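Residue-level structural notes
Given next are the chains, with one letter for each unit.
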Amino acid sequence: MSTKIIAFYLPQFHQTDENDLFWGEGFTEWTLVGKAKPLFKGHKQPRESIHFGEYDLMNEDIRHDQGQLAMDYGVDVFCYWHYYFGEGKTVLDKPLNRMLEDGQPDIPFMLAWANKSWTANWKGRPDQVLIEQTYSETDHKKHYQRIMQFVSSEYCSHIEHEGRIPFVILYPGNVPELSQMKVKWNKWLKEDMGKEFLFIGYHRYGFSKNENAIDCWLEHEYLFSKNGDRVRSLFYKKLRRPFFVNYKKMLNRFKQLKHSVNSFPVIYSDWDNTPRMIKQSFIFKGFNTKLFHGFLRVGQDIQQKRKDKLIFIKSWNEWAEGNVLEPDNVNGFSVLRTIKKFKEEL
């Protein structure tokens, strides 16, 4: 029996043609993070990377050190966000391409497909599409072949779960004919490797419960309460004020949730997206490592019947969202130490 800690990983921190075009030459998430200002008394902004600094993921040494730090503190897997917009169009994949060449970071990994159009939402223009997410049946093979570059790599270690290749889809409800895509991908993977994919859904929005294309789900419904957090969040956005979610109450909701046997928990390593949303930000209130440890314990306990347990953490390095495991000027190494302590207790 084992428990794997899987941290979502944003491969954004490098210069790209698209970001240069949309936001100005040299733009990365660091541009937003460095400009963040406190919105109220005691608000800890900007958040600064105190261990790696404002790194460039094209640097092999940085990627190596990230993997080493993660494994030293009990993080077992990086789950890289994968940006595939259709017909071979990819973005933010230079660090992953380098990983295929140099094997760094040398930590097991998997992929999560961020299948959504890029818009100017954080600039207040959600209807302005910068890169459109498209789908077509004729594109299934091309996308599969891209995924197989990672799954079959000789230099990198893609994980398996119970003999299957896990693959997260952010919005499975947006993918037309997802069932056909699954059938084709599994057929090709059986021919190539004698295995099948484990399709994991992230958001259930617009997804029919009768569909059989998703094998299991990521569980994070506890993020909002049933008494209208989502509605109040929209209300606060209109007022251009931050929206707060109490971290302790969120843990209580997580404990009381009716957990499905076909799901894996997602746990949040804090949240404050002020760098992106400014006055319309989403902020956790009362985050601390004791409560974070409680989330890890519940994530473990709800999977008692499962031989190999997976706990997803959002995130390793979502700096503009404020959910990071990398040491910062707010929590230091304490979140990583909490993971290490939790793993030692198992």
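As a starting point, this report considers the structure included with it.

What counts and how
- Residue indices begin from 1 for each chain and proceed along its sequence in written order.
- The predicted nature of this model means local features are confined to residues of pLDDT at least 70 and side-chain atom pairs, given and counted, to a pLDDT of 80 or more, with totals for whole chains, interfaces and linings taken over all residues.
- Here the side-chain values reflect all heavy atoms present in the structure, with hydrogen atoms and water set aside.
- Any residue under 20% of the maximum accessible area for its type is buried, any over 50% is exposed, and the rest in between are partly exposed; the area is computed with a 1.4 Å probe on protein chains only.
- Numbering goes from the N terminus for both helices and strands, where a helix is a DSSP run of H or I of at least four residues and a strand is a run of E of at least two.
- What the arc covers is the set of directions going from the helix axis to the C-beta atoms.
- Residue contacts follow a heavy-atom distance rule, with two residues in contact if any of their heavy atoms lie within 4.5 Å.
- Aromatic contacts are taken between Phe, Tyr and Trp rings whose centres are within 6.5 Å, Trp giving its six-membered ring; a plane angle under 30 degrees counts as stacked, one over 60 as edge-to-face, and the others as tilted.
- Side-chain atoms within 4.5 Å link the members of a nonpolar core, which is a set of buried Ala, Val, Leu, Ile, Met, Phe, Trp, Tyr and Cys residues.
- Each helix should span, by expectation, one fewer than its residue count multiplied by 1.5 Å.
- In the analysis that follows, any N or O atom pair within 3.5 Å is treated as a polar contact, provided that within protein one partner can donate a hydrogen and the other can accept it, and provided that, for residues neighboring in sequence, both atoms belong to side chains.

**Structural notes on helix H4 (residues 94-102)**
Here H4 has its buried residues at Pro-95, Leu-96, Met-99 and Leu-100. The arc enclosing the buried residues of H4, seen along the axis, measures out at 150°, which places them on a common side. Looking at the buried positions of H4, the neighbouring elements they touch are helix H3 (60-72), strand S2 (77-86), strand S4 (109-113) and helix H5 (140-151). Just downstream of H4 lies Gly-103, where phi reads positive at about 75°.

**Notes on the packing of aromatic side chains**
Overall, the coordinates contain 45 aromatic pairs when judged by the stated rule. Between the aromatic rings of Phe-167 and Trp-185, the centroid separation amounts to 5.3 Å while the plane-to-plane angle is 55°, which identifies the pairing as tilted. Of the two residues, Phe-167 is situated in strand S7 (residues 165-169) and Trp-185 in helix H6 (residues 178-193); the sequence distance between them amounts to 18 residues. One exposure class covers both Phe-167 and Trp-185, and it is buried. Geometrically, the ring pair formed by Trp-185 and Phe-197 is tilted, given 5.3 Å between the ring centres and 50° between the ring planes.

**Focus on the nonpolar core**
Among the nonpolar cores identified, the biggest contains 105 residues, and Val-75, Phe-292, Phe-312, Trp-316 and Leu-325 are the most heavily contacted of them. Considering every element that reaches this core, the biggest residue donor is S2, with eight residues. Apart from residues lying up to four places away in sequence, Val-75 is in contact with Ile-5, Ala-7, Ala-70, Ile-107, Trp-316, Leu-325, Leu-336 and Ile-339.

**Quick look at H6**
Its 16 residues place the ends of H6 21 Å apart at the C-alpha level, agreeing with the 22 Å of an ideal helix rising 1.5 Å per residue. Every buried residue belonging to H6 is among Leu-178, Met-181, Lys-182, Trp-185, Asn-186, Trp-188 and Leu-189, and all of these are buried. The inward-facing, buried residues of H6 contact S4, H5, S7 and strand S8 (197-201). After H6 finishes, the residue Gly-194 shows a positive phi value of roughly 70°.

**Notes on the side chain of Thr-3**
Mapped onto the secondary structure, Thr-3 falls in strand S1 (residues 2-9). Judged by its relative accessible area of 11%, Thr-3 is buried. A distance of 2.7 Å separates polar atoms of two side chains, one belonging to Thr-3 and the other to Gln-300.

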